Structure formats: structure tokens, C-alpha cells
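# Secondary and tertiary structure notes
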Amino acid sequence: MGSEEEAPLLSPAVEGCPGCAMDRRKASSKGRIPYREFFFVGVTTLASSLPITCLFPFLYFMIRDFHIAKTEEDIGYYAGFLAASYMVGRAFAAIFWGIIADRIGRKPVIAFSIFSVVIFNLLFGLSTSYWMAITTRLVLGALNGLLAPIKAYCVEVCQTKHQALGLSVVNTAWGLGLIVGPTLGGFLAQPTEKYPDIFSKDSTFGRFPYLLPCLSVSSFAAIVLIGCMWLPETIHKHKVPEKDMKTAKALSSEEGYCDSPGKKSLLQNRPWMSTLLPYCFFGLHDTAYSEILSLWAVSDRKYGGLSFSTEDLGEVLAIAGASLLVYQLIIYSWVHKILGTVNSSRIASAVSILVLATYPFMTYLYGVKLLIALYSAAMMKSALAITASTGVCLLQNNAVSQAQRGTANGIATTAMSLFKAIAPVGAGALFSWAQKRQDATFLPGDQVVFVVLNLVQLLGLISTFEPFLVLRTLPE
């Protein structure tokens, strides 16, 4: 014994309990991967993550059009607060949605979160002022509570040996959304300037130049919302008998199986608590990197940027997104099998530092050489980020019982959101400051930006080692 599918049934299935129905389905699957459930998990996560970064390519121009920044160098400062507003909203509400998901089910929270994307992301595209844009993003972040229940859901619809793949689907879809979102923003923002033969300046898209990418994301989310009707629920709607709880605890201790029905205070759960630090550092780094990449690529070369258009940036992000999908489908399971949960996160984080160190030198490249360097670095960076975060998420979800999984992921999401709220503000302020010190002797211009990003990644790497990370026996 040692896998979920081989564990004996602890008690007779309760009629009408969705959790028992899911257990029966997993027991009769004969070890097959639940592709249909993973597909739903993937597209739902993608729909939820697209709004987070779809604004990055046009954020610079949106702030400029709001006429709130006094100088061009100050645009990054205001862009940081707008980008952070989503994470601030999510930080306030994530624990609440995690608790609700544990009490009434994963499916209702997932569906409501997608519904909030449909409405409030569309309203963001219709923003006519800086404060309207911040308000819609803040509310969207507060109402979109998907991340906590979807991580719990993906490990509950599959057997233990497929949990790494399930969390990889979530993290890859999330990462893909963080890449595809800016791609949509880059290609579809300001359509009357890019596609004047299709979109007239007197049309709605002429009045609202940033509506089209938001409308596209909301339309996709509406389709996913309809698909949520067929999502099976996974939580148990009944109490587990005391004798079965003792049996489950014995099995958990003997076999290293962590999803027992017994409850333990999350604050006393050291293995779970210790995963929060690397989870937050990796989240902080990834968000800051996404914003810095977009601001740096479109800023003028005289400020240390690449003078890319939004279309150029969209192409880079599209290629990175495509490579990420290939990596998840073909390569990641092999990497996890060979390296294991913890080592894969550590190695990916270390290699990521080396890749990011090459970015400042790309400002000296032009033409094909620049594109090859940037494409290669962006593809590697996205794959490494997913590998590092997936390992930490797997440790988190295996360290708690199903009854606490939604709440645990909600707390983790809140902590990570606080860090991610700091990321855009800090990254925007850092970027604006760096643009004003192009002639500095030590780390001039964009060099200091990427050094700071690497310091954050280094802190995340250090936190994956003892004594910061407390390990327990886990199924690899």
C-alpha cells in the first residue's frame, strides 16, 4: 500500500454525498488520469488568471491617457498602484473564499469567481479615469476567489500519484494566463490605431481604446462559466465516523498519506506553515518580473529599454506561452519524476537566477540577435517559474486534510497576494527610479532592476532549505 487508489474504503459511501461519489469514481478509474476534470481545471484557471496581467502591455499607455502622471518618468509609479489594486482586493477576501469553499463546496466558489471576471474585467475596459480603473480592479480581486478552491479541487479529483500533474495543470494554466493575458493586451489594445481598416475611431473601441482585450477575456470567461455547470463537486457532505478517523490517521502515519480526515490546527502544522515563505517569495518575484518585463520592453532605449511596440511584446509573450504549454504536457512530469518535489523547485529557482541575469545585456543587441536572446530567455523563465511554484504548491496541499484544504489555500493565497500587491508598486517605483539614473556608476538604469529581482528569487531559493522548510514524508 502507499497510494490512494489502494487504500481500503473506510466507511460505506453516503448516498447523495458528492465527495463519496468522487471517491467511487477515483476507485473505479483503474489508475487512469482524469483528463476531463483536468481540462476543466485548466480552462477555469486560465479564465481567472487572464485579467491579472492582460493590462500590462497597455498599462503604460493607459496611465499616459489618463493624464495623471506629471512626467513620462512618473508613469511607472502610477502603473504600480493600478497593477497592485487587484492583489490588494484578493488579499482581503482570499481566506473568506477558502472557508466558504470548505463549507459549501468548491464548485459554487469557482463559478462565482468566473462570473466576477465576466462583469468587472469588462468594466475595467470601460474605465474613463484612473480611479475608476483602480476601483474595478480592486473589486475584481476581492470577488475572484478561485485560486484557493481550484488548488484543492485539482488534488481531490485524482489519485495521489497524479496530484503533481493536477497542480501542474493549475500552475501552468495560471502561468499561461499570465502570459497569454499580456499577449491579448498587446495585440488588441488601441485597435483603431493598429487596425484602422476594421475599427473606426468613431466606434466604441475608439472611445475606449483598451476595451477590446478586456472584452475578449470576459467573453472567454463567460464560455467557461457555462462549462462550470458540469464540474463535479468533491467535498464530503457528512461527518466521518470517529472509528474511521482513527483508521485514516493510522494509514496516514504508516504510509505517508496526508489526506486524512483528522483535523489539526493550521498554525500548529509546521510543514504547511513552512511552505508559505517560498510560496510568497516566488509569487512576489513572478509578479514583479511580469510587470518589469512589460515596462522595460516598451520603454525607450534612451531609458535602458528595448523600444518595443505592444505587438512586439505580444509576440514574445505568445511564444513563451506556447513553450510553457509544451513543457507542461511533455516535460514537467518527467522533471518531477526524476528530481522530486523539493529538488525540482530548488534547481528551477537557481537556474532562473542565471537566466534573469542575462536580461540587462540584451539592451546592447538589435534585430535577430535580440529576438533570439529574448525569446529564449522568456521561454526558459516561464518554464522555470512554473516548476518552482508547482513543487511548493504540492507540498502545501499534501500537508493538510481535505476539510482544511480550501482554508489553507485561502490563507496561502492571502499571504501571497499581499506580497504580490507589493510587487507591482515596488516594481513600478523601482523602474521609475532606475530610468532616472542612466548615468550612475554602480548598476546604472535597468541593471539595478534585474539585480533586485534576482535578490528576491534568491530569498525564495534559500527558503526551500532547512531550517526554513520543514519536510515530511510525501508521495513523490
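Just so we're clear, the structure is a prediction, and the values are computed from it rather than from any experiment.

Rules used throughout
- Residues numbered from 1 in each chain as written.
- Predicted model: local features only at pLDDT ≥ 70, side-chain atom pairs only at ≥ 80, totals over all residues.
- Heavy atoms only, no water.
- Phe/Tyr/Trp six-rings, centres within 6.5 Å; stacked < 30°, edge-to-face > 60°.
- Helix = DSSP H or I, 4+ residues; strand = E, 2+ residues; numbered from the N terminus.
- Buried < 20%, exposed > 50% of the residue type's maximum accessible area, 1.4 Å probe, protein only.
- Contact = heavy atoms within 4.5 Å.
- Salt bridge = Lys/Arg side-chain N within 4 Å of Asp/Glu carboxyl O.

We now examine the packing of aromatic side chains. Inspection of every chain in the model, using the stated rule, returns 15 aromatic pairs. Arranged with centres 5.0 Å apart and planes meeting at 20°, the rings of Phe-58 and Tyr-210 form a pair that is stacked. With Phe-58 in helix 3 (residues 56-66) and Tyr-210 in the loop between helix 10 (204-207) and helix 11 (211-227), this residue pair connects regions lying 152 residues apart in the sequence. By the burial criterion, Phe-58 is buried, and Tyr-210 matches it. With centroids separated by 5.2 Å and ring planes inclined at 80°, the aromatic side chains of Trp-296 and Phe-450 adopt a geometry described as edge-to-face. Residue Trp-296 is located in helix 13 (residues 270-298), and its partner Phe-450 is located in helix 18 (residues 446-462); the two are separated by 154 residues in the primary sequence.

Next up on the list: the environment of Thr-390. Along the chain, the position of Thr-390 falls in helix 16 (residues 367-398). The class of Thr-390 is buried, set by a relative accessible area of 0%. Between the C-alpha atoms of Thr-390 and Val-169, which are 221 residues apart in sequence, the distance is 9.1 Å. Excluding residues within four positions of it along the chain, Thr-390 makes contact with Ala-164, Leu-167, Ser-168, Asn-171 and Tyr-332.

Our focus in this paragraph is helix 7 (residues 147-156). Taking burial as the measure, the ten residues of helix 7 include ten buried ones, the bulk of the element. Of the positions making up helix 7, those classed as buried are Leu-147, Ala-148, Pro-149, Ile-150, Lys-151, Ala-152, Tyr-153, Cys-154, Val-155 and Glu-156.

Any two side chains of opposite charge can pair, given that their charged atoms come close. Scanning the model with the defined rule gives four salt bridges in all. Salt-bridge contacts for Arg-36 lead to Glu-37; the nearest nitrogen and oxygen are separated by 3.6 Å. Residue Glu-37 is classed as buried on the basis of its relative accessible area, which comes to 7%. In this structure, the salt-bridge partner of Asp-102 is Arg-106, at a minimum N-O distance of 2.6 Å. Across this residue pair, the class does not change: Asp-102 and Arg-106 are buried. Three or more residues joined by partner-sharing salt bridges are found here, namely Asp-102, Arg-106 and Glu-156.

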